[in-house]
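In case you want the letters, here they are:
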Amino acid sequence: MMMKCGGTSEVKPADQKIQDIADSVKSQVEEKAGKKYCKFLVKSYKSQVVAGTNFFMKVSVSLKEDHIHVRVFQGLPHTGGALEVHGLQESKSHHDPIEYF
């Protein structure tokens, strides 16, 4: 299925590239949440191409399988390609769908 222009992709299983992105913004997420996470493992994600890329990640953050959803923006290469956390949703479960936020 083709991605709708401006829409998000289908849900994809996490891979090493998306985990590396998550690992690099973990401290930003912890600062926004006001807490430290003992676990930070991306389970799945969606992406959206804009003037850069938004990544919507489902992240397991505890041994009890608590999850959060994180939106990370990666700028285009000519802007430096910096990674910034643009959104955070807490109190999610493994079964909650990843939606635009």
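Notes on the structure follow. (Residues numbered from 1 in each chain as written. Predicted model: local features only at pLDDT ≥ 70, side-chain atom pairs only at ≥ 80, totals over all residues. Heavy atoms only, no water.)

Further remarks concern the side chain of Arg71. With respect to the helices and strands, the residue Arg71 is situated in strand 4 (residues 67–75). No salt bridge forms around the buried Arg71; measuring N to O, its nearest opposite-charge neighbour Glu84 is 9.5 Å away. In contact with Arg71, other than residues within four places in its own chain, are Asn54, Phe55, Phe56, Glu84, Val85, His86, Gly87, Tyr100 and Phe101. (Helix = DSSP H or I, 4+ residues; strand = E, 2+ residues; numbered from the N terminus. Buried < 20%, exposed > 50% of the residue type's maximum accessible area, 1.4 Å probe, protein only. Lys, Arg positive; Asp, Glu negative; His and termini not counted. Salt bridge = Lys/Arg side-chain N within 4 Å of Asp/Glu carboxyl O. Contact = heavy atoms within 4.5 Å.)

Let us look at the side chain of Ser44. Take Ser44: it is sitting in strand 2 (residues 41–50). Apart from residues no more than four positions distant in its own chain, Ser44 is found in contact with Val11, Lys12, Pro13, Ala14, Phe56, Met57, Lys58 and Ile98.

Glancing now at the sheet that holds strand 5 (residues 83–92). The strand order 1-2-3-4-5 describes an open sheet built from five strands, whose pairing is antiparallel. For this open sheet the edge positions go to strand 1 (12–13) and strand 5, each flanked by a neighbour on one side alone. Against the sheet, helix 1 (residues 16–33) engages strand 2, strand 3 (52–60), strand 4 and strand 5, with an angle of about 70° to strand 5. (Pairing = 2+ DSSP bridges. Axes fitted to C-alpha atoms, helices over the stretch in contact; angles between N-to-C directions.)

So, on to the environment of Gly81. Following the sequence through the fold, Gly81 ends up in the loop between strand 4 and strand 5. When the C-alpha atoms of Gly81 and Gly52 are compared, they prove to be 7.9 Å apart, with 29 residues separating the residues in sequence. Setting aside anything within four residues of it in sequence, one finds Gly81 in contact with Gln74, Gly75 and Leu76.

Turning our attention to the nonpolar core. Counting 18 residues, the largest nonpolar core has Val29, Phe40, Met57, Val59 and Ile68 as its most contacted members. Secondary-structure elements contributing two or more residues to this core are helix 1, strand 2, strand 3 and strand 4. In terms of residue count, the dominant contributor to this core is helix 1 (six residues). Phe40 has contacts with Gln19, Ala22, Asp23, Lys26, Val29, Val59, Ser60, Val61 and Ile68, leaving out every residue within four places of it along the chain. (Core = buried A, V, L, I, M, F, W, Y, C linked by side-chain atoms within 4.5 Å.)

Spatial relationships are all this shows, so hold off on functional conclusions.
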